[in-house]
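Chain by chain, the residues:
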Amino acid sequence: MNKKNIYLALSLLSFLLLVIAMFTNGAKITLFEIEFAVIWIPVWILSLFLPLLILAALVVDRNEISKRLIISLLLTLINMFFLIRFFAFEFFPE
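The model shown is predicted, which means the values in this text are computed figures rather than measured ones.

Thresholds, definitions, all that
- Residues numbered from 1 in each chain as written.
- Predicted model: local features only at pLDDT ≥ 70, side-chain atom pairs only at ≥ 80, totals over all residues.
- Heavy atoms only, no water.
- Helix = DSSP H or I, 4+ residues; strand = E, 2+ residues; numbered from the N terminus.
- Expected span 1.5 Å × (residues − 1).
- Buried < 20%, exposed > 50% of the residue type's maximum accessible area, 1.4 Å probe, protein only.
- Arc of directions from axis to C-beta.
- Polar contact = N/O pair within 3.5 Å; in protein donor to acceptor, adjacent residues only side chain to side chain.
- Pairing = 2+ DSSP bridges.
- Bend = angle between axes of the 7 residues up to and from the residue.

**Quick word on helix H3 (residues 67-87)**
Here H3 contains 21 residues, and its C-alpha end-to-end distance of 30 Å stays within 8% of the 30 Å for a straight helix at 1.5 Å per residue. What H3 keeps buried is the set Leu-69, Ser-72, Leu-73, Leu-75, Thr-76, Asn-79 and Leu-83. Buried residues of H3, viewed axially, fall in a sector of 160 degrees; they line one side. Exposed positions of H3 whose direction lies more than 90 degrees from the buried face are Lys-67 and Arg-85. Its side-chain oxygen 3.1 Å from the backbone nitrogen of Arg-68, Ser-66 forms the N-cap of H3. Phi for Ala-88, located one or two positions after H3, is positive at around 55 degrees.

**Re the pairing of strand E2 (residues 34-37)**
In summary, the side chains of a regular strand alternate between the two faces of the sheet. The pairing of strand E1 (residues 28-31) with E2 spans four bridges and is antiparallel. Bridge assignment links Thr-30 to a residue of E2, and that residue is Glu-35. Counted along the chain from E1 to the antiparallel partner E2, the turn is two residues long, and its residue Phe-32 has a positive phi close to 55 degrees.

**As for helix H2 (residues 40-60)**
Compared with an ideal rise of 1.5 Å per residue, which puts 21 residues at 30 Å, H2 spans 30 Å between its outermost C-alpha atoms and is within 8% of the ideal. The largest bend in H2 amounts to roughly 30 degrees and is located at Phe-49, with the proline Pro-51 lying one to four residues further along.

Given below as structure tokens:
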């Protein structure tokens, strides 16, 4: 297995965990005065670091831009969008 397949598998895993986390209630913990389920921890880690790894792979191998890397990058961006919507972060408060 090469890195492209691993990134795609991690993107799919992150997306699956995100969907599961949005529709289930698990053991709750409080961190930074926010209460959330434990399943959100791997979702946050994958959603924050995976796009950086994929972008680094795209920059290093500019001659070999793969469809798998593009699909995995799009999936992680969709994950970030859903995370922002689910937790209702406001970037420009009034």
